[in-house]
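Observations on chain architecture
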Amino acid sequence: MSESNRQLLSIGIFFLTVVVAILLFAVGLIGWTLIVPVVLVLSGLWALVLAGLRASKPQKYERGTFSTMALGLCLIAVGGAWFLFAFSWIYSLVLILLVLAALAIAAALKRK
């Protein structure tokens, strides 16, 4: 898949995540304050899918698979921490630190 097709697909997926978040709000499953965290989590999931796509066909001068995966995990962590902040800020802090620890361990164990 060429880079321009991935960009266009990513734009479409982003609009789809916004629609899903708005529909979840309209149905009453989430409050209006949770629209942005849902978009962040779904965008993070898409970044993880993109990392998988890049791993299957790496190209020479494009962003690496690891950095795309790290971006996806960070987006999921920020969205999840935002959601968990409603319960307690400790849960948010634990989630952020857990993701940072996992990324540090993955970076340390990464082989060239």
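About the thresholds
Residues numbered from 1 in each chain as written. Predicted model: local features only at pLDDT ≥ 70, side-chain atom pairs only at ≥ 80, totals over all residues. Heavy atoms only, no water. Helix = DSSP H or I, 4+ residues; strand = E, 2+ residues; numbered from the N terminus. Contact = heavy atoms within 4.5 Å. Phe/Tyr/Trp six-rings, centres within 6.5 Å; stacked < 30°, edge-to-face > 60°. Expected span 1.5 Å × (residues − 1). Buried < 20%, exposed > 50% of the residue type's maximum accessible area, 1.4 Å probe, protein only. Arc of directions from axis to C-beta.

Moving on, we get to the side chain of Ser 92. Examined against the element boundaries, Ser 92 turns out to sit in helix 4 (residues 89-109). Excluding anything up to four places from it in sequence, Ser 92 contacts Ala 81, Leu 84 and Phe 85.

Take the packing of aromatic side chains next. Across all of its chains, the model carries two aromatic pairs by this definition. Centre to centre, the rings of Phe 83 and Phe 87 are 5.6 Å apart; their planes meet at 75°, and the pair counts as edge-to-face.

On to helix 4, then. With 21 residues, helix 4 ought to run about 30 Å at 1.5 Å a step, and its terminal C-alpha atoms sit 30 Å apart, in line with that. Inspection of helix 4 places Ser 92, Val 99 and Leu 103 among the buried residues, and these make up the whole buried set. Taken down its axis, helix 4 places every buried residue within 35° of arc, on the same side. Every exposed residue of helix 4 that faces more than 90 degrees away from the buried side is listed here: Leu 98, Ile 105, Ala 108 and Leu 109. Those residues of helix 4 hidden inside the fold are in contact with helix 3 (65-84).

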